[in-house]
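A closer look at the structure
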Amino acid sequence: MTSTLGTRSAPRLPHAPAPSLQVAAKSRRRDHRRRSAAVDGLSILVWVSGALAVALYLASPGAHILGSVSSVVTALGIVAGLLATDLVLVMIVLAARVPLVDRVFGTDRAIAVHRSLGKPVLYLILVHGLLITIGYGLADSKNPVGETISLFTTLDDMPLAYLSLALFIAVVVTSLVAVRRRMPYEAWHVIHLLSYIAVAVALPHQLSVGSVLASGTWQRVYWIALYVVALGAIAVFRFAMPAVVTFRHRIRVIDVEQIAPGVVSIHLAGQDLTRLGVRGGQYGVWRFWTANTWWHAHPVSFSSVPDENRARITVRDLGAGSRRLSRIRPGAFVSLEGPYGLFTAKARTAPYLALIASGIGITPIRSLLEDSPLRAHEATILLRGSDPDQRYLWNEVAGIARATKSDVFAMIGPRASHGDAWQSAEDWNRGVTLESTFPHLLQSDIYVCGPQAWTDLVVRDARLAGVPEHQIHQERFTS
Amino acid sequence: MRKRATAGGIVASAAILALGWHLGADQVAATTVPATGTAAGGAATPSASSGATPSSTASPSATATPTTGTGTTKSSGKAAISGTFQGTTEQTQFGPMQVEIVVAAGKITDVKALQLTNQGGRSVEISNYAAPILRTEALNAQSASIQSVSGATYTSGGYISSLQSAIDKAGL
């Protein structure tokens with residue numbers, strides 16, 4: 001490991017002097033308590049919404065009369081449908097980029113939960129359809145196929161409900177990891193947008209056939225209010241707010257700087273950019289309005305904290321879309337959703353700071369470092385690249401480190417061939433570990449950013465070393 | 001942290017479910033007690049099972065009898081209204097729906113289903129199970145502002161409309 005780096009640029013110093021250890025620890029404990037209370041509150045809210053869905057059914061007239069097999073089956077089918085509807089609305093809120101959710105939970109974690117709900121919800125919807133069909137069929141003494149035909153033909157809104165089912169299947173199947181990996185992002189995205197239509201066309205049968213939502217009941221009022229809240233959150237936070245931000249700040253590209261093969265820093269100019277409230281380590285979802293790039297939105301980290309009129313992002317050509325970014329001309333108009341993310345100094349809970357970046361994962365680490373008030377030797381930074389070309393922004397990091405009296409280590413070289421280590425082969429053989437690199441590992445907040453498989457290995461080692469979960473911070477770059 | 005959220009969620013959910021169950025159970029208690037006398041005989045015509053009082057075996061052809069206003073002494077005040085009043089026939093997706101009410105001294109004492117939705121086996125079953133619930137709700141509310149029955153939306157809708165027209169006719 002080499003511990004020195006050439007330096008050149010002079011980045012801005014942190015804005016505020018570092019608070020003393022005790023003061024920082026106290027405010028971090030308080031912030032952490034508040035955040036985890038908010039997370040718990042939101043989780044309980046999800047439970048409560050599910051319970052309310054079932055309870056409102058139980059409270060409706062006739063729900064208790066389960067005299068026959070068919071009525072039991074039908075009742076279970078109704079409950080499955082209500083739970084599915086509730087969870088779909090929860091998923092919508094999770095994907096809506098609600099500022100509160102981003103602040104306490106992080107958008108990446110919210111999206112991870114959104115994803116983990118996809119398959120269970122689809123199963124609930126399928127169970128709903130199946131049980132209702134069987135239950136009705138038992139009552140009519142019809143087989144499920146005959147019952148399906150009669151549902152389809154006799155009830156006005158049922159064809160729409162079947163369309164909704166088909167759309168939900170398409171949306172969930174295309175989001176399975178194995179399938180999604182084979183699809184271009186745009187194709188996946190267009191199919192995913194169909195989920196709005198799926199939600200919309202499922203609604204009529206809930207209101208007309210589904211008696212829990214029958215007109216004139218307070219259950220109907222409750223459910224419609226839920227729909228309004230969920231879809232309203234999407235309308236406000238995914239459409240209205242980004243539009244306001246974009247037109248308020250009028251961001252344009254002023255320079256595209258190639259900093260390494262395949263890596264560009266895009267320099268942006270805009271108005272009143274400090275009002276964006278970007279914290280170091282956050283990212284935005286960017287859209288560059290040129291003929292070749294307008295249809296693709298890119299989640300990219302700020303590689304420095306914006307000032308009044310200037311911002312900078314740094315991006316590597318990970319896909320065809322990113323490659324086109326390197327050909328953007330100055331003057332291009334830029335729209336922004338965000339800033340998002342909890343990969344910031346705000347999320348800290350421990351007295352020391354350990355930053356570990358690999359490859360292009362340096363970008364949020366770079367701006368996080370810039371935005372962290374630090375005591376001397378509070379922060380230790382480990383920069384990782386698989387070859388010397390990957391030293392993106394390392395000079396800048398070294399400059400900030402010198403100014404804040406932080407310690408920097410570099411580790412260059414491909415990973416060990418057994419594929420189970422985040423270290424370079426050479427350092428692995430020498431026995432370099434997280435413990436040997438970071439002097440106060442167990443009292444440190446660890447921020448890791450890099451390729452997902454590599455990040456997972458670092459996080460695994462941190463956990464094995466006994467670092468508490470709330471001190472491990474990572475940003476998962478998948479939209 | 002996760003544990004606290006899960007535990008809190010389970011406790012809150014259990015409380016809400018218990019409350020929902022309790023509310024629903026109240027309604028069942030209210031519906032089953034007066035309806036017990038007529039529990040038998042769902043097998044015949046749907047209307048027979050729902051004509052709740054054992055004495056009145058309401059026939060679907062009850063339209064023939066000149067019921068409107070029988071025995072009403074047309075003096076002032078609702079308390080004086082008595083008699084049997086037929087509601088209009090409501091067409092639903094599953095067939096026609098018609099009820100009549102029996103009023104004694106301004107009070108609805110019975111609701112009889114003259115015609116019940118009966119198209120398709122399921123709707124007969126629905127009617128048989130929904131009608132007693134709707135009847136009890138109506139007797140309790142003494143009006144047509146009652147809740148639909150789960151799983152019997154169309155039947156409930158027709159029942160309530162017909163009931164309202166009968167109440168209007170009675171002038172209650």
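Residues numbered from 1 in each chain as written. Chains lettered and ligands numbered in written order. Predicted model: local features only at pLDDT ≥ 70, side-chain atom pairs only at ≥ 80, totals over all residues.

Moving on, we come to the overall build of chain B. For chain B, the count of helices and strands is four helices and four strands. Along the chain direction, N to C, the helices and strands of chain B fall in the order α-α-β-β-β-β-α-α. Within chain B, buried positions represent 45% of all 172 residues. A fraction of 55% describes how many contacts in chain B between residues 6 or more apart in sequence connect residues 24 or more apart. (Helix = DSSP H or I, 4+ residues; strand = E, 2+ residues; numbered from the N terminus. Buried ≥ 20, exposed ≤ 12 C-beta atoms within 10 Å, placed from the backbone. Contact = placed C-beta atoms within 7 Å.)

Residue and element names in this part refer to chain A. Structurally, chain A comprises domain 1 (61-244), domain 2 (250-340) and domain 3 (347-474). Of note, the centres of domain 2 and domain 3, computed from C-alpha atoms alone, are 25 Å apart. Opposite the 15 residues of domain 2 that make contact, domain 3 presents 13 residues. Sorting the residues of the side of domain 2 that touches domain 3 by element identifies β1 (251-260), β4 (297-304) and β5 (310-316) as the ones contributing at least two each. By residue class, the composition of the side of domain 2 that touches domain 3 is seven nonpolar, six polar and two charged. (Domains from an automatic or database assignment. Nonpolar A, V, L, I, M, F, W, Y, C, P; charged D, E, K, R; others polar.)

Time to look at unusual backbone geometry. All names here are of chain A. Here G338 and P339 are connected by a cis peptide whose omega angle stands at 0 degrees. Position of P339 among the secondary structure elements: in strand β6 (residues 333-340). If you check the backbone angles, H377 has positive phi at about 60 degrees while not being a glycine. When you line up the elements, H377 lands in the loop between α11 (362-370) and β8 (379-385). A positive phi angle is found at L393, which is not glycine, with a value near 60 degrees. Relative to the assigned elements, L393 resides in the loop between β8 and α12 (394-404). The exposure class assigned to L393 is buried, which follows from the 24 C-beta atoms found within 10 Å.

Time to look at the sheet that holds strand β7 (residues 352-358) of chain A. All names here are of chain A. One open sheet holds the five strands; their spatial order is β9-β8-β7-β10-β11, and the pairing between them is parallel. Both outer strands of the open sheet, β9 (407-412) and β11 (472-474), are each paired with one neighbouring strand and no more. Ignoring strand direction, the axes of neighbouring strands in this sheet form an average angle of 15 degrees. With six bridges joining them, β7 and β8 adopt parallel strand pairing. Note that in β8 the partner of A357 across the bridge is L383. α12 rests against β8 and β9 of the sheet, and its axis sits at about 165 degrees to β8. Set on the sheet, helix α15 (residues 452-465) makes contact with β7, β10 (444-449) and β11; between it and β10 the angle comes to about 160 degrees. (Pairing = 2+ DSSP bridges. Axes fitted to C-alpha atoms, helices over the stretch in contact; angles between N-to-C directions.)

Each regular strand carries side chains that alternate between the two faces of the sheet. Residues and elements named next belong to chain A. Two strands pair when backbone bridges link them, and β8 and β9 are joined in this way by six bridges, in the parallel orientation. Across the sheet, the residue bridging to R384 is M411, located in β9. With α12 bridging β8 and its parallel neighbour β9, the resulting β-α-β unit is right-handed. (Right-handed = clockwise from strand over helix to strand, strands pointing away.)

With that out of the way, let us pick up the packing of helix α6 (residues 158-175) of chain A against helix α8 (residues 185-208) of chain A. Residues and elements named next belong to chain A. Closest axis-to-axis distance for the α6/α8 pair is 8 Å, and the angle between their directions is 150 degrees. In terms of orientation, α6 lies roughly antiparallel with respect to α8. When you trace α6 past α8, the crossing you get is left-handed. Side by side, α6 and α8 meet where M158, L160, A161, L163, S164, L167, F168, A170, V171, T174 and S175 of the first sit next to W188, I191, H192, L194, S195, I197, A198, V201, A202, P204 and H205 of the second. Counted by class, the contact of α6 with α8 contains 16 nonpolar, six polar and no charged residues. (Parallel < 35°, antiparallel > 145°, perpendicular 65-115°, else oblique. Left-handed = near helix turned anticlockwise from the far one by under 90°.)

Residue and element names in this part refer to chain A. Taken together, six strands build a closed barrel; the order of strands is β1-β2-β5-β4-β3-β6 and the barrel is antiparallel. Taken over all neighbouring pairs, the strand axes of this sheet differ in orientation by 45 degrees on average, direction set aside. Across seven bridges, the pairing between β1 and strand β2 (residues 263-269) is antiparallel. Bridge assignment links D255 to a residue of β2, and that residue is H267.

Next up on the list: helix α9 (residues 218-249) of chain A. Because an α-helix completes one turn every 3.6 residues, residues spaced three or four positions apart along the sequence face the same direction. All names here are of chain A. Over its 32 residues, α9 runs 44 Å from end to end, which matches the ideal 46 Å to within 8%, given 1.5 Å per residue. Where α9 bends most, at A240, the angle is about 30 degrees, and the proline P242 comes one to four residues later. Against α1 (21-58), α2 (69-94) and β1 lie the buried residues of α9. Just downstream of α9, R250 is the residue with a positive phi angle, here 45 degrees. (Expected span 1.5 Å × (residues − 1). Bend = angle between axes of the 7 residues up to and from the residue.)

All names here are of chain A. The exposure class assigned to H377 is partly exposed, which follows from the 13 C-beta atoms found within 10 Å. Separated by eleven residues in sequence, H377 and R366 place their C-alpha atoms 17 Å apart. In this structure, H377 is in contact with K405, S406 and D407, ignoring residues within four places of it in sequence.

Turning our attention to the confidence of the model for chain A. For chain A, per-residue confidence averages 87 on the pLDDT scale, and 91% of positions sit at 70 or higher. Per-residue pLDDT stays below 50 along residues 1-11 of chain A; that stretch engages in 27 contacts with residues further than four places along the chain or on separate chains. (pLDDT = per-residue confidence, 0-100.)

The subject of this paragraph is the confidence of the model for chain B. Detailed reading of the predicted coordinates is not advisable wherever pLDDT is low. Residues and elements named next belong to chain B. Residue-level pLDDT values for chain B average 69, and 60% of them are 70 or greater. For chain B, per-element mean pLDDT is lowest for helix α2 (residues 46-50), which scores 37, and highest for strand β1 (residues 83-86), which scores 88. Across the interface, the model reports ipTM at 0.74; the global pTM reads 0.76.

This paragraph deals with the pairing of β8(A). Residues and elements named next belong to chain A. A large share of β8 lies buried, amounting to seven of its seven residues. Burial along β8 is two-sided: the residues A379, I381, L383 and G385 and T380, L382 and R384 are all buried. As for the winding sense of the linkage, the β-α-β connection from β7 through α11 to β8 is right-handed.

Looking at soluble globular proteins, one finds that nonpolar side chains tend to be buried together. Residue and element names in this part refer to chain A. One finds L355, I381 and V397 to be the most contacted residues of the largest nonpolar core, which totals 66 residues. The element contributing the most residues to this core is β7, with six residues. Residue contributions to this core reach at least three from each of two domains, namely domain 2 (250-340) and domain 3 (347-474). In contact with V397, not counting residues within four places along its chain, are I362, R366, L369, I381, L383 and V408. F105, L167, V172 and A198 belong to the second largest nonpolar core, which has 49 residues in total. (Core = buried A, V, L, I, M, F, W, Y, C linked by C-beta atoms within 7 Å.)

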